[in-house]
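The chain contents come next:
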Amino acid sequence: MKNKRTMMLPGPVDVSQHALLSSAQRMIGHRTKECEELIAEVTQGLKYVFQTEHDVLTLTCSGTGGLEASIANTLSRGDKVLSLCTGAFGERYATIAERYGIEVERINFEWGEAVDISKVEEKLEGTDQFKAILMTHNETSTGVINHPKPIGRLAQEHNLLLLVDAVSSLGGIELKVDDWKADIVVTSSQKALMSPPGVSLVSVSPKAFEAIESSDLPKFYWDFRRAKKFLVERPNQTPATPAISTLRALQEALREIRNEGLENVFKRHEVMTMAFRQAMEELGLELLVNDKVASKTVTAVKLPSKVKFERLKERLLKEYNVYITGSKGKLKGRVFRVGHMGNVSRDDILSTISALELVLKNEGLDIELGSGVKAAQQVFYKEGSN
Ligand SMILES: Cc1ncc(COP(=O)(O)O)c(C=O)c1O
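Rules used in this analysis
- Residues numbered from 1 in each chain as written.
- Predicted model: local features only at pLDDT ≥ 70, side-chain atom pairs only at ≥ 80, totals over all residues.
- Heavy atoms only, no water.
- Pairing = 2+ DSSP bridges.
- Helix = DSSP H or I, 4+ residues; strand = E, 2+ residues; numbered from the N terminus.
- Right-handed = clockwise from strand over helix to strand, strands pointing away.
- Core = buried A, V, L, I, M, F, W, Y, C linked by side-chain atoms within 4.5 Å.
- Buried < 20%, exposed > 50% of the residue type's maximum accessible area, 1.4 Å probe, protein only.
- Domains from an automatic or database assignment.
- Near = heavy atom within 4 Å.
- Polar contact = N/O pair within 3.5 Å; in protein donor to acceptor, adjacent residues only side chain to side chain.
- Areas by Shrake-Rupley, 256 points an atom, 1.4 Å probe, with all protein chains shown as cover.
- Nonpolar A, V, L, I, M, F, W, Y, C, P; charged D, E, K, R; others polar.

> What exactly am I supposed to notice about the pairing of strand β4 (residues 103-108) here?
The pairing of strand β3 (residues 80-85) with β4 spans 6 bridges and is classified as parallel. Paired with S83 across the strands is R106, a residue of β4. For the handedness criterion, the β-α-β arrangement of β3, helix α4 (residues 88-99) and β4 is classed as right-handed.

> Mind showing me how you'd approach the nonpolar core here?
One recurring pattern in soluble globular proteins is that nonpolar side chains are buried together. If you look at the biggest cluster of nonpolar residues, it comprises 81 residues, and the most contacted ones within it are I71, L84, V185, V204 and F224. Structurally, this core is a two-domain feature, drawing no fewer than three residues from each of domain 1 (17-259) and domain 2 (261-382). Listed in part, the 33 residues of the second largest apolar core include A275, L283, L316 and A355.

> So what exactly am I meant to see when it comes to the site of the ligand here?
Taken together, 15 residues lie near the ligand, and S62, T64, T140, D165 and K191 sit nearest. One of the side-chain N or O atoms of T64 is found 2.5 Å from an oxygen atom in the ligand. Surface burial for the ligand is 87%, taken as the share of its 390 Å² of free accessible area covered by protein chains. With 3 residues, the top contributor of residues to the shell around the ligand is helix α3 (residues 63-74). Taken together, the residues of the shell around the ligand break down into 3 nonpolar, 9 polar and 3 charged.

Structure, rendered in structure tokens:
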């Protein structure tokens, strides 16, 4: 079923017909063999996408719940963390830690720029005051990728935990959890994992489990020790009722990812990004971030001064059934964002560009109809059938 909507949000994303139908199956009990098999398969599929041998826990909540759980489980009273903030979601991770009474030192980068590793090196030089580094792999508010690998290396050198928010990247942008030494990686079902909202997935390294054993922050629902106990000893159960319907969809979506092959999935995201970015440039629109740090799952485009965001969004929706969004904080009203993650296909990209051309021209911009579409077509043509 390809309904008429062209969902170009950076989550929730369009869900395939197979995954939707899978979620519509009759309910099962969560202490049954059937449910254990469901969780076992989902966990294996997640390990493939996370590229990890670590435990991957399935939590019933959105991505923010997974982030909160990562803080509540790994840290203790009196701990201090270094938080790398490149936008609204980096800021959110830092704020969660503060709410738990953790001392947070931020390194703030300009919105639209990526983490500058030399600043992190400087901050860590000659000090052992930090317990962990918090980072956002894909800063969705700006469309910037921060590479975890060099930060993982630094975390290893300084014996720190590395906690990664990969909510809008995992499954769309490469993240080698084990190789890159990420102790905790948090994602959620409704983004590149192509499923409905409702489940957050968290990988936990053995080093993180050591910290979890001594963590004294209060938790019950979020307790990873209980989650691991149920996963291993029951086995493949969760301490409380899981989001069974979302897990059914996720099971199907993970099969789709495996069938396509992770490398091909990443390549497809790259091609979609390239096509969309080139089209925007061809239309004379300014991209918020440069190619080097550009996200492969979401692109932020500066709003031309003549155009009001709410009007653009409404017209795209009403006239062309295309869903886009704006941004937050300092970027509110200054950019529009287009998500290209999960099931996104060439026709989604082409329809979005075409609709943007029409609406922007109607709003008085000097747009040559078809020029953005042509730029995207050229990318697709050059990249062959991927
Ligand atoms: C990078 C990042 N972190 C966290 C979140 C919050 O996720 P949720 O809305 O699932 O709680 C989002 C949502 O867009 C995100 O993009």
